[in-house]
Every structure is written in C-alpha cells, then in structure tokens.
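As a plain string of letters, each chain reads:
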Amino acid sequence: MDFLFKVLVSIVYVIVKIFFPFKAKGKENIPENGGIILCSNHISLLDPAFIILTSKRRVYFMAKNELFKNRIAAAFFRFCGAFPVDRGKNDSSAIDNAKQLVIDGKIFGIFVEGTRTKNPDGSPGKPKSGAAVVAASTGSDILPVAVTYKYGRPRLFSRAVVNYGKVIKAEEIQINEIKPSEIKKVKTRIMDDITSLWEEETRCLK
C-alpha cells in the first residue's frame, strides 16, 4: 500500500507542478520521526494535495464526512490516508482516530479552521478546537503550516507555497487539563503561528 501511495504521489507531483508551480519552505522543520500534529490554514480543496506532495513523511488528514458519501470517493480518500469527521458535532470517534495516529508515531494533519476560509484575500479565519483537543490529549508537539497562493486563491499557472514553521513543543503550550480556557489558549497560539507564516509568504509573493 505504501509503495502504491508513493507511486501515486510521484505521478500527481509532476502533473500538479505543471499547472500550479508550487514549492515548499521549511521542510527541515518536519521531524524525521515520531507522532506530531500538523496544523494548517485552509483556503482551497488543493491545500491537502500540496501538503501531501511536499511533506517528507506521509500525512493522515481528518476530512469532512461528506467526502466519504460516495463509495469510490471514500475508498480513494482512505487510500490517501484521510478519515472522516462529522463537523458541527462532538465526533469522539474522529478525535480517537486522530489521537491514535499521533500515539502510533504518525503525522496527523488537520485544518484548524474546520473549513475553508471565507476571507476574500485567503487570510486565515477563526480556529476550531479540534487540534487543541488532540494536542491536550496526547501531549504532542505541533507543526504549524501555512498554504499561500499568489492571488489569495489558486489560479492556473500561478505560484503556491507551503511554509512549514517551527515546531511548537508540548512544553511551550503547558496544558494542565482539558478545559475551555486551556483549549482556547492553545488554538490561539496555533493560529497565531500559522497566520504569521501566511503573512510572511503573502508579502514575498507580491
């Protein structure tokens, strides 16, 4: 399965690169091993593809349940490492899946806003609590990531950049217990780091 996945990634990489000349920054910040939570902003349906194509390690994403309604689509998304979450509800099974991925030493990927940003310029929106809850439950480090497009949104033959930031160590967050005030502190810190990466790259792309 891993071999087939690598073959698929290699083929898609070439195709996507032609239409969207993307690049990655900060790949050295991706840990070589161990479980970690990759937290990204969300602008386009292409965001997970760019992260998967640029990450040194396989990323397992939480994705909205609607994408798994079709059996063929569901099989494809699961093959790519995605698993469903019922947004707007307290989906404990999805959270359990996410925690287990981190415990098993894998990269769990999540779009912190929970959905694509509504801001016209593509700037990050308000963070949801999912990533912070998983971090609090696992004591895992967090890898902030910003996907940025030259024109705010993806356009054919325009540049896209995936910027991997410095890892936020678990001890920096200092979660003592899972309660609203602690979760708010963590999700704010995560989104602040992502927004800084997005703003930095937006200035570079102008």
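Residues numbered from 1 in each chain as written. Predicted model: local features only at pLDDT ≥ 70, side-chain atom pairs only at ≥ 80, totals over all residues. Heavy atoms only, no water.

Attention now moves to the overall build of the protein chain. Of regular secondary structure, the protein chain possesses seven helices and seven strands. If you list the helices and strands of the protein chain from N to C, you get α-β-β-α-β-α-β-α-β-α-β-β-α-α. Scaling as 2.2 N^0.38, a compact globule of 206 residues should have a C-alpha radius of gyration of about 17 Å, and the protein chain matches this with 16 Å. The dimensions of the protein chain, computed from C-alpha atoms along their principal axes, are 45 × 40 × 35 Å. Taken across its 206 residues, the protein chain has 46% of its residues classed as buried. A separation of at least 24 residues holds for 72% of the contacts in the protein chain among residues at least 6 apart in sequence. Here the protein chain displays about 10900 Å² of accessible surface, and carbon together with sulfur accounts for 55% of that area. Between the mean site of the 33 positive side-chain charges and the mean site of the 21 negative ones, the protein chain shows a separation of 6 Å. (Helix = DSSP H or I, 4+ residues; strand = E, 2+ residues; numbered from the N terminus. Rg over C-alpha atoms; globule rule 2.2 N^0.38 Å. Buried < 20%, exposed > 50% of the residue type's maximum accessible area, 1.4 Å probe, protein only. Contact = heavy atoms within 4.5 Å. Areas by Shrake-Rupley, 256 points an atom, 1.4 Å probe, with all protein chains shown as cover. Lys, Arg positive; Asp, Glu negative; His and termini not counted. Charge placed at Lys NZ, Arg CZ, Asp CG, Glu CD.)

Running from N to C, helix α1 (residues 2–19) and helix α2 (residues 47–54) cross one another at 115 degrees; their axes reach a closest spacing of 10 Å. By the angle between their axes, α1 is roughly perpendicular relative to α2. For the pair α1 and α2, the crossing hand works out as left-handed. The segment α1 lies against α2, with Phe 5, Val 9, Val 12, Tyr 13 and Val 16 engaging Phe 50, Ile 52 and Leu 53. Considering only residue class, the contact of α1 with α2 consists of eight nonpolar, no polar and no charged. (Axes fitted to C-alpha atoms, helices over the stretch in contact; angles between N-to-C directions. Parallel < 35°, antiparallel > 145°, perpendicular 65-115°, else oblique. Left-handed = near helix turned anticlockwise from the far one by under 90°. Nonpolar A, V, L, I, M, F, W, Y, C, P; charged D, E, K, R; others polar.)

Next up on the list: the nonpolar core. One finds Ile 37, Cys 39, Ile 51, Met 62, Phe 108 and Ile 142 to be the most contacted residues of the largest nonpolar core, which totals 56 residues. With seven residues, helix α7 (residues 180–205) is the largest single contributor of residues to this core. Here Met 62 is in contact with Phe 83, Val 85, Ala 94, Ile 95, Ala 98, Phe 108, Gly 109 and Ile 110, once residues within four sequence places are set aside. (Core = buried A, V, L, I, M, F, W, Y, C linked by side-chain atoms within 4.5 Å.)

In this section: the sheet that holds strand β2 (residues 36–40). Hydrogen bonds between backbone groups are what pair the strands of a sheet, and the pairing can be parallel or antiparallel. Reading across the sheet, the seven strands line up as β1-β7-β6-β2-β5-β3-β4 and stay open at both edges, with mixed pairing between neighbours. What marks the edges here is a single partner per strand, and that holds for β1 (22–25) and β4 (83–85). Here the strands of the sheet are splayed against their neighbours by 25 degrees on average, with no regard to which way each runs. Sheet topology places β2 next to strand β5 (residues 107–111); five bridges connect them, and they run parallel. Bridge pairing in β5 links Cys 39 to Ile 110. Along the sheet, α7 contacts β1, β2, β6 (142–149) and β7 (160–164); its crossing angle with β6, the most-contacted strand, is approximately 35 degrees. (Pairing = 2+ DSSP bridges.)

Looking at the element boundaries, Ser 140 is found in the loop between α5 (130–138) and β6. With residues near it in sequence (within four places) discarded, Ser 140 still touches Gly 35, Ile 36, Ile 37, Val 102, Ala 135 and Ala 170.

Another point: the environment of Leu 45. Considering the arrangement of structural elements, one finds Leu 45 in the loop between β2 and α2. The exposure class assigned to Leu 45 is exposed, which follows from its relative accessible area of 58%. In sequence terms Leu 45 and Ala 136 are 91 residues apart; their C-alpha atoms lie 28 Å from each other.

We now examine the packing of helix α4 (residues 92–103) against α5. Describing two packed helices takes the angle between their axes plus the distance from one axis to the other. Running from N to C, α4 and α5 cross one another at 50 degrees; their axes reach a closest spacing of 10 Å. Accordingly, the angle class assigned to the pair α4 and α5 is oblique. By crossing handedness, the relation of α4 to α5 is classed as right-handed. Along the contact surface, α4 presents Ile 95, Ala 98, Lys 99 and Val 102, while α5 presents Gly 130, Val 133, Val 134, Ser 137 and Thr 138. Classifying every residue of the contact of α4 with α5 by side-chain character gives five nonpolar, three polar and one charged.

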